[in-house]
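A structural walkthrough
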Amino acid sequence: MNLLLVRHGETLWNRAGRYQGRTDIPLSDVGLEQVAALGKRLANVAIGVAIASPLGRAKTTAEAILAGRSTPLELDDGLLEISHGEWEGKLASEIAISHVEMFGVWRSHPDRHVPAGPNAETLGDVEARAWAVIERVTRRLSGDQTALVAAHDAVNRVILCRVLGLPLTRVWTFRQASATLNVLSGPSLEALQVVRLNDADHSEPLLSAAQHRAL
């Protein structure tokens, strides 16, 4: 079985370094170009199951990849981006000043119990709901079948940490660029391997994959 785990394309809030979380911000013009390029790259890959976060930026990303296909797109709240609570809509640079201690812990010593802002979710919360989606999806796959999972930065990171056997304290040790592609493959959920990680060759120069400005 194969999982194409993708992050949505760029939004204007991504570009500015503004925390999005559950706020439903659409793709920017650049983001639309990125997901179109990803869709072209995956045009010859057979996709049997497709599932996305219901937030517009992830849904639009999945729709761009599925363009011209008969595969129906399913939406699942388990793939929603992490809730940032009171940080949503604010610049990371602002939060670094207004919530010095909490922001410092979030960015330097995250774990499954550290909230992503006041009245926000934790990485552990996200892992619990997102991994349940992965379990449901993989149960529907057999042989060499492939599923598309279109989600968000934090969602992808906790899924990848789980597959790689990394504690959530290591969640910042790899990147997830806009419209990036991660490929997971294996005979079963327990035996999944990361075949490609943060592959954005369709939209980013090799050495300039975007760093997260807010998460």
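Quick look at the structure, then.

The rules behind each value
- As a convention, each chain's residues are numbered from 1 in the sequence order in which they are written.
- Residues qualify for local features only when their pLDDT is at least 70, as the model is predicted, and side-chain atom pairs are given and counted only at 80 or more; totals for whole chains, interfaces and linings, by contrast, use all residues.
- Only hydrogens and water are set aside when side-chain values are computed; all heavy atoms of the structure are taken into account.
- Every helix listed is a DSSP run of H or I at least four residues long, and every strand listed is a run of E at least two residues long, numbered separately from the N terminus.
- Computation of the radius of gyration draws on C-alpha atoms, with the globule rule given as 2.2 Å multiplied by the number of residues to the power 0.38.
- For every residue, the accessible area obtained with a 1.4 Å probe (protein chains only) is divided by the maximum for its type, and the residue is called buried under 20%, exposed over 50%, and partly exposed between those limits.
- Should any heavy atoms of two residues lie within 4.5 Å, those residues are considered in contact.
- Only the protein chains shown count as cover for residues, with accessible areas throughout obtained via the Shrake-Rupley method and a probe of 1.4 Å.
- Charge assignment in this entry is limited to Lys and Arg as positive and Asp and Glu as negative, and neither His nor the chain termini are counted.
- By convention, charge coordinates are those of NZ in Lys, CZ in Arg, CG in Asp, or CD in Glu.
- Paired rings are identified among Phe, Tyr and Trp, the last through its six-membered ring, by centres lying within 6.5 Å, and are further divided according to the angle between planes into stacked (under 30 degrees), edge-to-face (over 60) and tilted (the rest).
- Note on geometry: a ring has a charge over it if NZ (lysine) or CZ (arginine) is within 6 Å of the ring centre and within 35 degrees of the ring normal.
- Pairing between two strands requires that DSSP report at least two bridges joining them.
- Orientation is described by lines fitted to C-alpha atoms, with helices fitted over the stretch in contact, and by angles between N-to-C directions that extend from 0 to 180 degrees.
- The directions from the helix axis to the C-beta atoms form the arc being described.
- Here is the rule for handedness: rotate from the far helix to the near one, and if that takes an anticlockwise turn smaller than a right angle the crossing is left-handed, while a clockwise turn gives right-handed.
- Only Asp, Glu, Lys and Arg are considered charged in this grouping, and only Ala, Val, Leu, Ile, Met, Phe, Trp, Tyr, Cys and Pro are considered nonpolar; every other residue, Gly among them, is considered polar.

Right, let's talk about the overall build of the chain for a bit. When its secondary structure is counted, the chain shows 7 helices and 6 strands. When the helices and strands of the chain are placed in sequence order, the string is β-α-α-β-α-β-α-α-α-β-α-β-β. Relative to the 2.2 N^0.38 estimate, which gives 17 Å for 215 residues, the radius of gyration of the chain is 16 Å and therefore close to what a compact globule would have. Projected onto the principal axes, the alpha-carbon positions of the chain cover approximately 50 × 35 × 30 Å. Relative to its full complement of 215 residues, the chain shows a buried share of 53%. Counting only contacts in the chain whose residues sit at least 6 apart along the sequence, the fraction spanning at least 24 positions is 68%. Of the roughly 9500 Å² of accessible surface on the chain, a fraction of 51% belongs to carbon and sulfur atoms. The distance from the centre of the 22 positive side-chain charges to the centre of the 24 negative ones in the chain is 3 Å.

Tallied over the full model, the rule gives 3 aromatic pairs. With 5.7 Å between their ring centres and 65° between their planes, tyrosine 19 and tryptophan 87 make a pair best called edge-to-face. With a gap of 68 residues between them, tyrosine 19 in the loop between helix H1 (12-16) and helix H2 (29-41) and tryptophan 87 in the loop between strand E3 (73-75) and helix H4 (92-98) connect regions that are remote in the sequence. For tyrosine 19, a relative accessible area of 0% translates into the label buried. Aromatic side chains tryptophan 106 and tryptophan 172 sit 5.6 Å apart centroid to centroid with 85° between the ring planes, which places their arrangement in the edge-to-face category. On the criterion of sequence distance, the pair formed by tryptophan 106 in helix H5 (residues 100-108) and tryptophan 172 in the loop between helix H7 (153-164) and strand E5 (181-185) is long-range, its members being 66 residues apart. Taken together, Tyr19, Trp87 and Phe103 form an aromatic cluster joined through their ring pairs. Residue placement shows arginine 18 over the ring face of tryptophan 13; its charged tip is 6.0 Å from the ring centre.

Turning to the environment of valine 133, a few remarks are in order. Relative to the assigned elements, valine 133 resides in helix H6 (residues 123-139). It is 20 Å that separates the C-alpha atoms of valine 133 and proline 167, two residues lying 34 residues apart in sequence. With residues up to four places along the chain from it excluded, the contact list for valine 133 reads Ile51, Asp76, Gly78 and Leu79.

The next point concerns the sheet that holds strand E4 (residues 146-151). Read across the open sheet, the 6 strands follow the order E3-E2-E4-E1-E5-E6; overall the sheet is mixed. The two strands at the open ends of the sheet, each matched to only one other strand, are E3 and strand E6 (193-199). In this sheet, adjacent strand axes meet at a mean angle of 20° when their direction is disregarded. Sheet analysis places strand E2 (residues 49-52) next to E4, joined by 4 bridges and oriented parallel. Counterpart to alanine 52 in the pairing with E4 is alanine 150. Packed on one face of the sheet, H6 meets strand E1 (2-7), E2 and E4 and runs near 140° to E1.

Where helix H3 (residues 56-66) is concerned, the buried positions are Arg57, Ala58, Thr61, Ala62, Ile65 and Leu66. The arc that holds the buried residues of H3, viewed along the axis, is 170°, so those residues lie on one side. As for H3, its buried residues are in contact with E1, H2, E2, E3 and E4. In the segment just after H3, glycine 68 is the residue with positive phi, at about 85°.

Helices that pack against each other are described as a pair by the angle of their axes relative to one another and the distance between those axes. Two numbers describe how H2 lies on H3: the axes approach to 7 Å, and their chain directions differ by 35°. Two packed elements cross with a definite hand, and for H2 against H3 that hand is right-handed. Residues Leu32, Val35, Ala36, Leu38 and Gly39 of H2 form the contact with H3, whose own contacting residues are Thr60, Thr61, Ala64 and Ile65. For the contact of H2 with H3, the class distribution of residues is 6 nonpolar, 3 polar and no charged.

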